[in-house]
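Summary of the model geometry
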Amino acid sequence: MPININDVKKIAFLARIRVPDDALEPLAGELSNIIGWVEQLSEVDTDGVQPMTSVADMTWPRRADTVSDGDCADDVLANATEPEKKSDGGFYTVPKVIE
Amino acid sequence: MSYTIKGKTGDWEVVIGLEIHAQIISQSKLFSGAATAFGAGPNTQVSLVDAAMPGMLPVINEECVRQAVKTGLGLKAKINLHSVFERKNYFYADLPQGYQISQFAEPVVGEGKVVLDMADGNVREIGIERLHMEQDAGKSMHDQDPKRTFVDLNRSGVALMEIVSKPDLRSPEEAGLYLRKVRSIMRYLGTCDGNMDEGSMRVDVNVSVRPIGETELRTRTEIKNLNSVRFVMQAIKHEAERQVQAYDDGEEIIQQTLLYDSQKDETRPMRSKEFAHDYRYFPDPDLLPLVLTQDEVEAIRGALPELPDDKKQRFIDDFGLSAYDAGVLVAERETAVYFERAADGNDAKIAANWVTGNLFGALNKAGKSIAESPVSADAMNELLGLIADGTISGRIAKDVFEAMFETGKAAKDIVTEQGLEQITDSGEIEAAVDRVIAANPDQVADFQGGNEKAIGWFVGQIMKATGGKANPKLVNELLRAKLKG
Amino acid sequence: MSTLTDLTITAAAAGMAKGYFTSEELTIAHVEAMEQAADLNAFITETPEIALERAKESDARRAAGNAQGTMDGIPIAVKDLFCTEGVLTTAGSHILDGFRPTYESTVTTKLRDAGAVMLGKTNLDEFAMGSANITSYYGPVKNPWKGQGDGKDGKDLVPGGSSGGSAAAVAARIALGATGTDTGGSIRQPASFTGIVGLKPTYGRCSRWGIVAFASSLDQAGPLTRTVEDAAHMLTVMAGHDAKDSTSAPIAVPDFAAGLNAGVKGLKVGIPKEYTLDGMPSEIQALWTQGMDWLKDQGAECAPVSLPHTKYALPAYYIVAPAEASSNLARYDGVRYGLRVAGDSLDEMYEATRGEGFGDEVRRRVLIGTYVLSAGYYDAYYIKAQRVRTLIAEDFRKAFEQVDVLLTPTAPSAAFAIGEKMDDPVAMYLNDVFTVPASMAGLPAISIPAGLDSGGLPLGLQLIAKPFDEETLLRAAAALEAAAGFDAKPGGAG
């Protein structure tokens, strides 16, 4: 199914990636090509075939309920782009959100 | 007693479904080893996994799975031996991964039911659609700074159960009863503490209305993030009335997410949810499917504590309590535990009266919960014992209880200190009887003239004379003997 | 004795053990090689100070009689997809600007604990998305090999991708070995393009903890080395169960180097007929046939097998991998690390940061992934691809009922010039046509340098084995390596 400019805008917003206006049309073309190419999968008869959820043939590993991590606010905030200074509270910050 | 809303052209009913987000009681988070305790400093209970650092991976906490299964069994629900964690993709300030790990197509718990005891004595069965596990998000604070929102990830990754009801509820009162019942079941099980003011239980409400008799569901709105039973009930009432008003005014109801302002009693659309979401769920490739064995489930079932419905029936069957009293006593786990301790070795009916009467009255007046009661269950047990063995009379016991409630002292100590032991020495009582008969010839004549009821007056006089301590049975016997003689 | 940079890991370890040279001397030789070959752009971050410090520690250990094993004191390069404590980690992306992890990936921790010496962090396709190492924010990596004819004279060639920096570093004698990651061929295809050995272990063999995720159900770390034996030594250290990775296999790790020379007598080698492509260069077909003969000469039996869904592995991969990537890359949002581009609202900040922070190929794949997961398309694309994936795994399972290993070419071509195949993403994706099927089934596979094409560029052959049967894989690889006797070196090296 071809992807048009409006589709690109919609998925770009879902993915929160700004796409300059002049890139929309070429991108729509590229994405359409890729989607058109993967659509060859429709040739495959997959009736009754389970979708793979994991290649690993294992049972789920379980973690015991103990506190073994955390208490490392310095590490957590070490690379923050605009952190509150720890003395001011030690929060991450983002542009103000209105709920 | 059905709940209806009067519209211009007729009566409407409200259709309600609830989604309860209940924090699972666990030491550490669902997919990381960071602590879950409430009230720690910002970002101090955050692991690198919770902060979604590059390359960090989730590993599931087995206790959280057990807690979810336990809750499912408590809701009489089907446990799915194969369930899958999926990613719910969306961007938000307090969602560091850009997705929430949740269960979607294959939840760990399927359909179940909850029984509500209605005020009129009837019961209503409310369907449970499903229960699934998911991670909590962090916390955004919008009022700390004029230009920025602050984000604390302490809650990020804390295990939640989302319990989704079927749209079976028909009034704000039913919604309130349902919430209290589910909370009670979780507290009995020890799977969620239900402290709504600490956010460990939050509720989303789906509301629609329809004219009585209509069977199709109409468009619903969702009121998000309510944090008290009272607000849930108020918000439903408000929203149902708003919808009826809108239909009466010829407007359409649009499916949207609302916030409820309890101070203004109004709902308003949530701005951050304006855009239609497309969550793009898919199985989380960092996690394997969650596979349980029937044996594991049965082991959990075998270790379940007695739940409120069963306990109520036992109180009725074994103790001869009324359905009403039994219902009151089992509604909260703490109350039931208190009652059973207090009643141990004593008359259960008398114990029930004391707990639901004197104790609840005193707690109410003091604004205290049963957990904060100055009179412990053991202390109550002792007091009831003193009545049963005749050490004090039921009347004196009320005074003793008040003193216990005030001072926290043991019943025996108060009785000893104040010399409140019942007088069972017949000589002492006989002397008092003689004095009262001698001093009141008119009343004696009245009784002997055939007014049997006058005996009550004599009893009162003797109790007064003995400070209420005389054994009422002995007083009666002696009085009758003397007066008739 | 040859120059120190020309040694194998095995030989270097023996040299240090015998006291012929120290890790410090070995490391200095490689640091100098790294400086001299800066033009290749194989490294994003060079860490000579760390390398020398760890080399000295290694020498001290050895002097005290506590040498750790073959990897102790060995200078290696680390793909810049592995998080390294205190050292810039970029994934080749602008969006991770300035990111210095406070933690070390499990695989690099194991290598470090075994005494390996980190020379630096190697260049790669952005977030490991690419087959030519041309999508890195830090510029393309040059292949140390130069070709002749076919319009390649004197041109800079790609080293393959995404582990292009690691492959170039090992081929150019800058590092004795390097870590790579392979999602759809990112170790094997660059190994083939640069004339070295590249091993992708079974999914779950090496921990993914601390590796920047591209596609979680496919990503797997592995070594790039100049010999099969070196790959075995490195894998022995890198592999092992990790409780921090739920998909890590709780399976014991043997000494993979132990059984290498047991030979292939009686080994059943499957030749999947679906790997014969229309238009594939005849040289590659010929090399493949040669590979069969080499194994047969040593007593192996070659038999045709069929993997009917091979053709669909690549399109299925290009649904599954971007879908997972679109979600895995959501965490790069300008809040907790990396680039932030200001915006007036939260969404504007996200869009500006991610718009500027991701390059074209990453943007393309994130958008494709978003599309195939979105409402109305999920079943038609994502679920369909996962069903096809089940069929692909089933094909392999059936084939392995008849044979022990499979032999195929690694890539449909030799290295091409930087700038080629840039206009058509799908043409670029076809580079991975032979490597992707094993990835989709989670199987171990290895590329062995087997010969040169007419232009003098290396070509690789691929072996694929059963899950967790790296021992058989390596044994067959050693036999192939011995027969091929590949000793060509890139012009720029040695």
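Going by the structure above, here's the rest.
Presented here is a report on the structure given in the accompanying data block.

Cut-offs applied
Residues numbered from 1 in each chain as written. Chains lettered and ligands numbered in written order. Predicted model: local features only at pLDDT ≥ 70, side-chain atom pairs only at ≥ 80, totals over all residues. Heavy atoms only, no water. Helix = DSSP H or I, 4+ residues; strand = E, 2+ residues; numbered from the N terminus. Buried < 20%, exposed > 50% of the residue type's maximum accessible area, 1.4 Å probe, protein only. Pairing = 2+ DSSP bridges. Axes fitted to C-alpha atoms, helices over the stretch in contact; angles between N-to-C directions. Contact = heavy atoms within 4.5 Å. Polar contact = N/O pair within 3.5 Å; in protein donor to acceptor, adjacent residues only side chain to side chain. 1 Å grid on protein atoms, 1.4 Å probe; cavity = no way out; pocket = protein on both sides within 12 Å on 5 of 7 lines; lining within 4 Å. Points joined across faces, edges and corners; volume = space filled by probe spheres on them. Expected span 1.5 Å × (residues − 1). Arc of directions from axis to C-beta. Core = buried A, V, L, I, M, F, W, Y, C linked by side-chain atoms within 4.5 Å. Buried area = accessible area lost by both parts, 1.4 Å probe. Salt bridge = Lys/Arg side-chain N within 4 Å of Asp/Glu carboxyl O. Nonpolar A, V, L, I, M, F, W, Y, C, P; charged D, E, K, R; others polar.

It is worth spelling out unusual backbone geometry at this point. Omega for the bond connecting Gly161(C) with Ser162(C) falls within 30 degrees of zero, at 10°, which places this linkage in the cis form. Within the secondary structure, Ser162(C) sits in the loop between strand 3 (117-122) and helix 5 (164-171). Residues other than glycine seldom take positive phi values, yet Asn43(B) does so here, at roughly 60°. As for its placement among the helices and strands, Asn43(B) is situated in the loop between strand 2 (11-23) and helix 1 (62-74). Given a relative accessible area of 0%, Asn43(B) falls into the buried group. Even without being glycine, Phe127(C) reaches a positive phi, approximately 50°. Position of Phe127(C) among the secondary structure elements: in the loop between strand 3 and helix 5.

Residues and elements named next belong to chain C. Reading across the sheet, the 11 strands line up as 1-3-2-4-6-5-10-11-9-7-8 and stay open at both edges, with mixed pairing between neighbours. Looking at strand neighbours, the two that pair on one side only are strand 1 (43-46) and strand 8 (301-305), the edges of this open sheet. Here the strands of the sheet are splayed against their neighbours by 30° on average, with no regard to which way each runs. Where strand 7 (residues 268-272) and strand 9 (residues 405-409) come together, 2 bridges link them in parallel fashion. Each bridged residue has a counterpart across the sheet, and for Gly 270 the counterpart in strand 9 is Leu 406. Of the strands in this sheet, strand 2 (75-79), strand 4 (177-182), strand 5 (197-200), strand 6 (220-225) and strand 10 (445-452) touch helix 7 (residues 228-238), which is tilted by about 145° from strand 6.

Turning our eyes to something else, we now look at the side chain of Ser136(C). Residue and element names in this part refer to chain C. Along the chain, Ser 136 falls in the loop between strand 3 and helix 5. Note on Ser 136: relative accessible area 8%, which makes it buried. Among the polar contacts listed, one links the side chain of Ser 136 to the side chain of Asn 123, at a separation of 2.7 Å. A distance of 2.9 Å separates a polar atom in the side chain of Ser 136 from the backbone nitrogen of Tyr 138. In contact with Ser 136, not counting residues within four places along its chain, are Ile 44, Gly 92, Asn 123, Leu 124, Asp 125 and Glu 126.

A separate point is the environment of Ala478(C). All names here are of chain C. Following the sequence through the fold, Ala 478 ends up in helix 15 (residues 470-484). Judged by its relative accessible area of 11%, Ala 478 falls in the buried class. Sequence separation of Ala 478 and Thr 227 is 251 residues, and the distance between their C-alpha atoms is 8.4 Å. Beyond its immediate chain neighbours, meaning those up to four positions away, Ala 478 contacts Val 228 and Leu 260.

Bringing the layout of surface pockets into the picture now. All names here are of chain C. Counted as a void, the second largest pocket has a volume near 720 Å³. Residue lining of the second largest pocket: 36 residues in total, with Leu 277, Asp 278, Met 280, Pro 412 and Val 433 positioned closest to the centre. Mapped by element, the contributors of at least two residues to the lining of the second largest pocket are helix 8 (282-297) and helix 9 (310-328). The element that contributes the greatest number of residues to the lining of the second largest pocket is helix 9, accounting for 4 residues.

So, on to the side chain of Gln462(C). Residues and elements named next belong to chain C. By the element assignment, Gln 462 lies in strand 11 (residues 458-465). Using a relative accessible area of 0% as the deciding quantity, one classes Gln 462 as buried. Within the structure, Gln 462 has its side chain in polar contact with the backbone oxygen of Phe 434 (distance 2.9 Å). Ignoring sequence-local partners within four residues, the contact set of Gln 462 consists of Arg 188, Leu 406, Leu 407, Thr 408, Pro 409, Thr 410, Phe 434, Thr 435, Ala 445, Ile 446 and Ser 447.

Next up on the list: helix 5 (residues 308-319) of chain B. One turn of an α-helix holds 3.6 residues; hence residues three or four places apart share an orientation. Residues and elements named next belong to chain B. Its 12 residues give helix 5 an end-to-end C-alpha distance of 15 Å, which sits within 8% of 16 Å, the value for a rise of 1.5 Å per residue. Looking at helix 5, one finds that the buried residues are Pro 308, Lys 311, Lys 312 and Phe 315. Looking straight down helix 5, one finds its buried side chains confined to an arc of 105°; they lie on one side. Of the residues in helix 5, the exposed ones pointing more than 90 degrees away from the buried face are Asp 317 and Asp 318.

Now for the nonpolar core. Core analysis: the biggest nonpolar cluster contains 220 residues, and Tyr92(A), Met71(C), Phe127(C), Phe396(C) and Leu407(C) have the highest contact counts within it. The residues touching Phe396(C), leaving out its near neighbours within four places in the chain, are Tyr275(C), Leu307(C), Leu406(C), Pro437(C), Ala438(C), Ala441(C), Leu443(C) and Ile464(C). Ile24(B), Phe85(B), Met118(B) and Ala348(B) belong to the second largest nonpolar core, which has 115 residues in total.

What follows concerns the interface of chain C and chain A. Counting from both sides, the interface comprises 66 residues of chain C and, opposite them, 48 residues of chain A. Counting each side, the surface lost to burial between chain C and chain A is near 5000 Å², with a carbon and sulfur contribution of 69%. The tally of links from chain C across to chain A stands at 3 salt bridges. When the shortest N-O distance is used, the salt bridge between Arg364(C) and Glu30(A) registers 2.7 Å. Here chain C and chain A share 16 residue pairs in polar contact (both at pLDDT 80 or more) between them. If you list the elements that add at least two residues to the side of chain C that touches chain A, you get helix 9, helix 10 (346-357), helix 11 (360-373), helix 12 (378-402) and helix 13 (425-429) of chain C. Tallying contributions element by element places helix 12 of chain C first for the side of chain C that touches chain A, with 11 residues. Of the residues assigned to the side of chain C that touches chain A, the class counts are 36 nonpolar, 16 polar and 14 charged.

Geometric descriptors of this kind do not, in isolation, establish any biological role.
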